[in-house]
Amino acid sequence: MDLSWFQSQTAQQLRAEGETKGWTRGRAEGRAEAVLVLLGHRGVEVSEEDQERIAGCWDLDTLHVWLTRAVTAASTAEIFDGAAG
């Protein structure tokens with residue numbers, strides 16, 4: 001059985017892209033969960049819509065901003081709008 005295609009440059013590139021996307025997605029899911037846990041621990045009410053927005057975000061930079069804001073925010077509006085002190 002010829003498996004040389006498995007070592008082709010295209011196959012290696014596709015594997016690398018898949019690994020990167022999976023790694024990024026995993027980090028995003030973890031960061032979104034951290035935002036939700038922190039808000040819950042602080043007693044900030046999070047609507048189902050806001051939970052979905054946070055959990056559905058895969059942008060690591062945005063999630064980092066939201067996590068930082070969640071430390072002091074009194075509402076999810078403050079997380080999304082940047083009004084947190």
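Draft legend 1. A look at the overall build of the protein chain. Of regular secondary structure, the protein chain possesses four helices and zero strands. The order of helices and strands in the protein chain, counted from the N terminus, is α-α-α-α. Residue pairs at least 24 apart in sequence account for 56% of intrachain contacts in the protein chain once pairs closer than 6 positions are excluded. For the protein chain, the computed accessible surface area is about 6,000 Å², with 53% contributed by carbon and sulfur atoms.

Draft legend 2. Here's a closer look at the packing of aromatic side chains. Enumeration over the complete set of coordinates arrives at one aromatic pair. For the pair W66 and F80, a centre-to-centre distance of 4.9 Å together with 75 degrees between the ring planes defines the contact as edge-to-face. With W66 in helix α3 (residues 60-70) and F80 in helix α4 (residues 76-81), this residue pair connects regions lying 14 residues apart in the sequence. Each member of the pair, W66 as well as F80, is classed as buried.

Draft legend 3. The arrangement of the nonpolar core in detail. V35, L39, I54, L63, W66 and I79 are the most contacted members of the largest nonpolar core, which has 15 residues in total. For this core, the elements supplying multiple residues, two or more each, are α1 (9-42), α3 and α4. Once residues lying within four places of it in the same chain are set aside, the contact partners of I54 are A32, V35, L36, L39, L63, W66 and F80.

Draft legend 4. Here's a closer look at α3. Listed as buried for α3 are L60, L63, W66 and A70. Looking down the long axis of α3, one finds its buried residues gathered within 120 degrees of arc, a one-sided arrangement.

Draft legend 5. Quick look at the environment of R27. When you line up the elements, R27 lands in helix α1. Along the sequence, R27 and L63 sit 36 residues apart, while their C-alpha atoms lie 9.9 Å from each other.

Rules behind the numbers
Residues numbered from 1 in each chain as written. Predicted model: local features only at pLDDT ≥ 70, side-chain atom pairs only at ≥ 80, totals over all residues. Heavy atoms only, no water. Helix = DSSP H or I, 4+ residues; strand = E, 2+ residues; numbered from the N terminus. Contact = heavy atoms within 4.5 Å. Areas by Shrake-Rupley, 256 points an atom, 1.4 Å probe, with all protein chains shown as cover. Phe/Tyr/Trp six-rings, centres within 6.5 Å; stacked < 30°, edge-to-face > 60°. Buried < 20%, exposed > 50% of the residue type's maximum accessible area, 1.4 Å probe, protein only. Core = buried A, V, L, I, M, F, W, Y, C linked by side-chain atoms within 4.5 Å. Arc of directions from axis to C-beta.

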